[in-house]
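Summary of the model geometry
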Amino acid sequence: SPTLGKTRRITVYTPAGYETSGKKYPVFYLLHGMGGDEEAWIALGRTAQILDNLIAQGKAKPMIVVMTNGNADQEAAPGESSLGLVKPNMQLPKTMEGSMESSFPDVIKFIESNYRVEKKKSSRAIAGLSMGGGQAYVLGLRNLDKFSYIGQFSAGIMGDGKFSHDKYVPGVMDHPENINQQLQLLWISCGTKDPRYEGHVSFVQDLKKYGVNCEFHDAAYGHEWEFWREQLYEFSQRLFKK
């Protein structure tokens, strides 16, 4: 990551047959929550199992899934960096202050330089859970020229208080028709047992007042992986089909 000045670790899922197909694939960037790292979605989120099954059943398009480390001060998951076996810490520096978002173009450039991918807006999606959900939403709306699909699962930044579009994505809501034209899908979700649920309901109501097209999905879950795995299962089936 030239922006952060360090070598960083990511997890990349490739669909069955990638090594021999010669084809180029769309890319889904999938972000973890607070306390997670580049191993969270592949280990706790069961990304490989979910995508393998959906693709084999013809329910999802073959795609590459890129699972980053959203902690901008961290090279890699504990035990995988040059620091060795360090104690995990949820309160890392450079968390939720913009460094991850500003350095994200480094990730896209790396993937598009090292993997056979379709380098176009209609072939890029971004989503995340909790902390990563807020990051995905902000990154997606700040880069409508790069992403056609945005997914936000249980983001604290939308549920803990009144979300300020003027602060996080200044000017974007001045032209809601542009968002509707640029995005194939804006997916918002939160479990009904999550303390952030009412905040999400209010957030979606605000989007509708702006005139922004979005889908809201909920289910009887809290702030938990079972809900996020279900969101991955449902959201990934909607990608790259137009």
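You'll find the structure just up there.
A brief structural summary. (Residues numbered from 1 in each chain as written. Predicted model: local features only at pLDDT ≥ 70, side-chain atom pairs only at ≥ 80, totals over all residues. Heavy atoms only, no water.)

1. Overview of the overall build of the protein
Along its length, the protein carries 10 helices and seven strands. By residue count, 53% of the 242 residues in the protein fall in the buried class. Long-range contacts, defined here as pairs at least 24 residues apart, represent 79% of the contacts in the protein between residues at least 6 apart. For the protein, the accessible surface area stands at approximately 11,200 Å², while carbon and sulfur atoms represent 48% of it. (Helix = DSSP H or I, 4+ residues; strand = E, 2+ residues; numbered from the N terminus. Buried < 20%, exposed > 50% of the residue type's maximum accessible area, 1.4 Å probe, protein only. Contact = heavy atoms within 4.5 Å. Areas by Shrake-Rupley, 256 points an atom, 1.4 Å probe, with all protein chains shown as cover.)

2. Brief notes about the sheet that holds strand β4 (residues 124-129)
Judged by pairing direction, the sheet is mixed, and its seven strands sit side by side in the order β1-β3-β2-β4-β5-β6-β7 without closing on themselves. Only two strands of the sheet have a single neighbouring strand rather than two, namely β1 (11-13) and β7 (215-219). Across this sheet, the average inter-strand angle for adjacent strands is 15°, counted without regard to direction. Relative to β7, strand β6 (residues 185-191) is paired through five bridges, and the arrangement is parallel. (Pairing = 2+ DSSP bridges. Axes fitted to C-alpha atoms, helices over the stretch in contact; angles between N-to-C directions.)

3. Focus on the side chain of Ser236
Along the chain, the position of Ser236 falls in helix α10 (residues 225-236). A relative accessible area of 0% places Ser236 in the buried class. When neighbours within four sequence positions are excluded, Ser236 is seen to be in contact with Leu51, Leu54, Ala60, Met63 and Gln231.

4. Concerning the environment of Tyr197
Looking at the secondary structure, you find Tyr197 in helix α9 (residues 197-210). Classification of Tyr197 by relative accessible area gives buried; the value is 15%. Here the alpha-carbon distance between Tyr197 and Gly222, two residues 25 residues apart in the chain, equals 8.9 Å. For Tyr197, the residues in contact, after removing those within four places along its chain, are Cys190, Gly191, Thr192, Phe216 and Asp218.

5. Describing the packing of aromatic side chains
According to the stated counting rule, one finds 16 aromatic pairs in the structure shown. A ring pair is formed by Tyr137 and Phe163, whose centres lie 5.7 Å apart and whose planes are at 80°; its orientation type is edge-to-face. Of this pair, Tyr137 sits in helix α5 (residues 131-142) while Phe163 is found in the loop between α6 (156-159) and α7 (165-168), placing the two residues 26 residues apart along the sequence. Assessed through its relative accessible area of 0%, Tyr137 is described here as buried. With 5.8 Å between their ring centres and 45° between their planes, Tyr221 and Phe227 make a pair best called tilted. Classification of Tyr221 by relative accessible area gives buried; the value is 17%. Put simply, the rings of Phe28, Phe153, Trp187 and Phe235 touch in pairs and so form one group of aromatic residues. Taking NZ or CZ as reference, Arg116 lies 4.3 Å from the ring centre of Tyr18, over its face. (Phe/Tyr/Trp six-rings, centres within 6.5 Å; stacked < 30°, edge-to-face > 60°. Lys NZ or Arg CZ within 6 Å of the ring centre and 35° of its normal.)

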